[in-house]
Amino acid sequence: MTTVERFDVAVVGGGPAGTAAAALVAQAGWSVVVLERERFPRFHIGESLLPSCLPVLARVGLDLEKLGYLRKLGAEFHDEAIGETSYFPFADALPGPPRFAYQVERDRFDTDLADAARRSGATVREGVTVFEHAVGDDAVELRFAATPPGSGPDEGRSGSAELRPGPDRAAASVVRARYLVDASGRRGLLSRGGRDVLVIPGLGRAASFVHYDGLDDDAWAELAQRGDVKVLRIEDGWLWAIPLAGRRLSIGAVLRTSPIAEDRVLDEVDRSPLLSRLIRGARVSAPRRIADYSYASSSTHDARRVAIGDAAGFLDPVFSSGVAIALSAASTMAELLVSALARGTEADPLLMRPLSDRMNVAYRTFHAIAHRFYNSRMFDNLFFGDVPDAVMRSGFISLLGGDVWRDDNLFQTAVLGASRRTLAAMPWSEAES
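Rules and cut-offs
For every chain, the first residue of the written sequence is number 1, and numbering continues from 1 along that sequence. In keeping with the predicted nature of the model, local features appear solely for residues at pLDDT of at least 70, side-chain atom pairs appear and are counted solely at 80 or more, and the whole-chain, interface and lining totals rest on all residues. The side-chain quantities take in all heavy atoms of the structure and omit both hydrogens and water. Only runs of H or I of at least four residues qualify as helices and only runs of E of at least two qualify as strands under DSSP, and these elements are numbered from the N terminus. Here the globule rule reads 2.2 Å times residues to the power 0.38, and the radius of gyration is calculated from C-alpha atoms. The contact definition used throughout considers only heavy atoms, calling two residues in contact when any of these lie within 4.5 Å. Counting rule applied: Lys, Arg positive; Asp, Glu negative; His and chain ends not counted. For this purpose, a charge sits on NZ of Lys, CZ of Arg, CG of Asp or CD of Glu. Each residue is assigned to one of three classes by its accessible area relative to the maximum for its type, calculated with a 1.4 Å probe on protein chains only: buried under 20%, partly exposed between the two thresholds, exposed over 50%. In short, DSSP must find at least two bridges between two strands for them to pair. Pairing of aromatic rings covers Phe, Tyr and the six-membered ring of Trp, with a centre-to-centre limit of 6.5 Å; geometry is then stacked below 30 degrees between planes, edge-to-face above 60, and tilted otherwise. Throughout this description, the term salt bridge denotes a Lys or Arg side-chain nitrogen within 4 Å of a carboxyl oxygen of Asp or Glu. Inter-axis angles, ranging from 0 to 180 degrees, are taken between N-to-C directions of lines fitted to C-alpha atoms, where helices are fitted over the stretch in contact. Here roughly perpendicular refers to angles of 65 to 115 degrees, roughly parallel to angles under 35, roughly antiparallel to angles over 145, and oblique to all remaining angles. Crossing chirality is assigned from the near helix's rotation relative to the far helix, an anticlockwise turn below a right angle marking it left-handed and a clockwise turn marking it right-handed. Each residue gets one of three labels, nonpolar for Ala, Val, Leu, Ile, Met, Phe, Trp, Tyr, Cys and Pro, charged for Asp, Glu, Lys and Arg, and polar for the others, Gly among them. Directions drawn from the helix axis to the C-beta atoms are what define this arc. We call two N or O atoms a polar contact when they sit within 3.5 Å, provided that within protein one can donate a hydrogen and the other can accept it, with sequence-adjacent residues counted only if both atoms are side-chain atoms. Under the convention used throughout, the expected extent of a helix is 1.5 Å for every residue step, that is, one less than its residue count.

Engineer: Help me understand the overall build of the protein chain, please; the structure alone is not making it clear to me.
Structural biologist: Across its full length, the protein chain holds 12 helices and 21 strands. Over its C-alpha atoms the protein chain spans a radius of gyration of 21 Å, differing by no more than 12% from the 22 Å that the globule rule assigns to 433 residues. Within the protein chain, residue pairs in contact and separated by at least 24 positions form 75% of the contacts whose partners lie at least 6 positions apart. The averaged location of the 57 negative side-chain charges in the protein chain is 2 Å from the averaged location of its 50 positive side-chain charges.

Engineer: How do you make sense of the pairing of strand β17 (residues 288-291) when you look at a structure like this?
Structural biologist: Residues R288 and I290 point to one face of β17 and are all buried, whereas R289 and A291, pointing to the other face, are not buried. Relative to β17, strand β12 (residues 206-213) runs antiparallel, the two sharing 4 bridges. Bridge assignment links A206 to a residue of β17, and that residue is A291.

Engineer: I'm lost on the sheet that holds strand β11 (residues 197-199) in this one. Help?
Structural biologist: By way of backbone hydrogen bonds, the strands of a sheet pair with one another, either parallel or antiparallel. Strands sit in the order β11-β18-β21 across an open sheet of 3 strands; the sheet is antiparallel. In this open sheet, the two edge strands, each paired with only one partner strand, are β11 and β21 (313-314). Summarising the sheet, strand β18 (residues 295-297) and β21 pair through 2 bridges and their orientation is antiparallel. The partner of Y295 across the bridge, within β21, is F314.

Engineer: Explain the pairing of strand β7 (residues 123-126) to me, please; I cannot follow it from the model alone.
Structural biologist: Successive side chains on a regular strand alternate, one facing one side of the sheet and the next facing the other. Side-chain alternation along β7 places V124 and E126 on a buried face and T123 and R125 on a face that remains uncovered. Examined bridge by bridge, strand β2 (residues 32-36) and β7 share 4 bridges and lie parallel to one another. Across the sheet, E36 pairs through a bridge with E126, a residue of β7.

Engineer: Explanation requested: the packing of aromatic side chains in the structure shown.
Structural biologist: For any two aromatic rings, the description comes down to two numbers: the centre-to-centre distance and the angle of the planes. With the rule as written, the count across this model stands at 11 aromatic pairs. With a centroid separation of 6.2 Å and 55 degrees between ring planes, the pair formed by W238 and W240 is classed as tilted. Note on accessibility: W238 and W240 belong to one class, buried. With centroids separated by 5.9 Å and ring planes inclined at 80 degrees, the aromatic side chains of F319 and F373 adopt a geometry described as edge-to-face. Here the residue F319 occupies a position in the loop between β21 and α7 (321-343), and F373 occupies one in helix α8 (residues 353-375), the gap between them amounting to 54 residues. Each member of the aromatic cluster is reached from another via a ring pair, and the members are F43, F209, W238 and W240.

Engineer: Whenever I open this one, the environment of V231 confuses me. Can you help?
Structural biologist: The topology assignment puts V231 in strand β13 (residues 229-234). The spatial distance from the C-alpha of V231 to the C-alpha of D79 is 8.7 Å, given a sequence separation of 152 residues. Discounting residues that sit within four places of it in the chain, V231 has contacts with E76, F77, H78, W238, L239, V318 and F373.

Engineer: Help me out: how do you make sense of the pattern of salt bridges in this one?
Structural biologist: As a working rule, side chains carrying opposite charge can pair if their charged atoms are close by. All told, the structure shown has 29 salt bridges when counted by the stated rule. Where R176 meets D138, a salt bridge forms, and the shortest distance between an N and an O atom there is 3.7 Å. With R176 in strand β10 (residues 173-182) and D138 in the loop between β8 (128-135) and β9 (140-146), the pair connects residues that are 38 residues apart, well separated along the chain. In this structure, E268 and R271 form a salt bridge, with 3.0 Å as the shortest nitrogen-oxygen distance. Residue E268 and its partner R271 are both found in helix α5 (residues 264-271); the two are separated by 3 residues, about one turn of the helix. Using a relative accessible area of 7% as the deciding quantity, one classes E268 as buried. Several salt bridges share partner residues, and in doing so they unite D8, R178, R304 and E346 into one network.

Engineer: Sorry, what's going on with the packing of helix α2 (residues 53-60) against α7 here?
Structural biologist: How two helices sit against one another is set out by the angle between their axes and by the gap between those axes. Interhelical geometry of α2 versus α7 gives an angle of 50 degrees and a closest axis separation of 9 Å. In this view, α2 runs oblique relative to α7, as classed from their interaxial angle. Helix-helix and strand crossings are classified by hand; for α2 and α7 the assignment is left-handed. Here C53, V56, L57 and R59 of α2 come into contact with α7, specifically with V323, A324, L327, S331 and E335. When grouped by side-chain class, the residues that make up the contact of α2 with α7 number 6 nonpolar, 1 polar and 2 charged.

Engineer: I tried to follow helix α4 (residues 217-224) on my own but got confused; where do I start?
Structural biologist: Every α-helix winds through 3.6 residues per turn, so residues three or four apart in the chain are directed the same way. Within the span of α4, buried status applies to A219, W220 and L223. Down the axis of α4, the buried side of the element spans an arc of 95 degrees, and every buried residue falls inside it. Opposite the buried face of α4, at more than 90 degrees from it, the exposed residues are D217 and D218. In this structure, the buried residues of α4 make contact with β3 (70-72), β13, β14 (237-244), β15 (248-255) and α6 (273-278). Capping of α4 at its N-terminal end is provided by D216; its side-chain oxygen lies 3.2 Å from the backbone amide nitrogen of D218.

Engineer: How do you make sense of helix α3 (residues 106-119) when you look at a structure like this?
Structural biologist: Look at α3: 19 Å from first C-alpha to last across 14 residues, which is about the 20 Å you get at 1.5 Å a residue. Along α3, the residues that are buried comprise R106, F109, D110, T111, D112, L113, A114, A116 and A117. Residues of α3 that are buried sit in contact with α1 (16-27), α2, β7 and α7. Of the residues flanking the end of α3, it is G121, one or two places downstream, whose phi is positive at about 115 degrees.

Listed below in C-alpha cells is the structure:
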C-alpha cells in the first residue's frame, strides 16, 4: 500500500517563486513540502534582480551582500550603430525601494533559496517529478516519482530537446495537502504542461546565450564598478550582458523571431566592439538557447490551487521582470494563504483574486513598456533622446527597479494609458481585472 504523506501546502517547483512561497508559509507555522524536478544546483537563466526583490528576500532570510553576490546599481543601454549610450541609476528612481539590486548566478541563488526554505521549516524534495494531481473538495492529491536521468537538467542545454524517459509510475509516492502552489515554471503543471497558454505577440520569442569566465583585470574592473546590466540594441532584438561574481559575464541574444540558431549569440558578440573587448581572452561556455518566451496562462487560480512565477506567465527578459514578479507573487500569495489556512477557507475559489489583481498591475506595466521597446521609437526617444522632465525620468527608472505598485508614477500612468489597445486581449488587461 502506498503511504500518503500529509501537508498543509504542497509546492511544485523549487525556483524562486516556489521556495520563497514555501519559506514564508512555513515561517507562519504551516507544514509545507516543495517537490522539485531537478537537483540543486541546476542551471537557470534570469540572473539580473531588481531592487523590488530585496525586501522579499530579506523576509525569506537571504542577505545577498553577505553571500557574495555582485551589487548592481542600474542599467545601461547601448546602440553601437549610432555610438550612443545611456545610463539609468536606481538612485534616481522615485523615493521608496532600495537603490541597488544584485546580479546572481541562478544555480547558486536558487540553491540558497531552497536552503532558506529548509531553515524556515519547509520540506524540500529534489529530483522528483509530479506526474499526476487531483483537486478534490477537501484536499489536493499529488503523485510523484524519482526523476529519471536523461537529457536535463540544465535549462537551454545543448541537446535538451531530446526526450527524457518518464518517471516510474509504479514507484509513485503520494502527498495530500490542503492547498497546491504551482511554481513549476514554463512547464506549467496546472496549464497542462504549458499547453493551455496564450502567446503574447510583439515581444521576444527566443534567446541564445553563453557565459564567459576568466575576464581580464581591466574588463572586470570596468564591469564590477557598478555591476550594471548592459542592454545592446541589435537588428530584430537586443543583447544582454550581465556581470556575475567571480569574473564571469553572461551574454544573451533575444530575438523577436523563432527559432534561433544556438550559436547566434557568438555571432552577435563578434559584431559588438564593446562585448568583443570585454571578453577578450576569456573562456566561453557552450551556447544554449530557449524558445517560446512571452506567454500567459489562461487560468492562474481556482479552488485549492494557484500558479505563480513562470507557471502563471512570462513576458520578456528585456527589463528583468521575471524573478521580481515571481518573488512579489510568492509574498502576496503567502499572506493570503496563511490567513486562509488559519480560517479554514483555503478552498474558496476566489481566495487568490487579490493576488491576481495585484500581479496584473505588474504584468500590464512590464508588458506595456516591453511592447513599446520592440514596436515603437522608445529606444531612440527615451533611452537616447532628451528627457527634460526629471519626474518622468524618475518614474521610468522606478519601473526599471520593479516598483510598479504606486499611484504617483506619472510615467507609468502615461504608458498604460497609451497601451490599452496592446493590452486588451491579455488576461491582465483592465477589462479582465
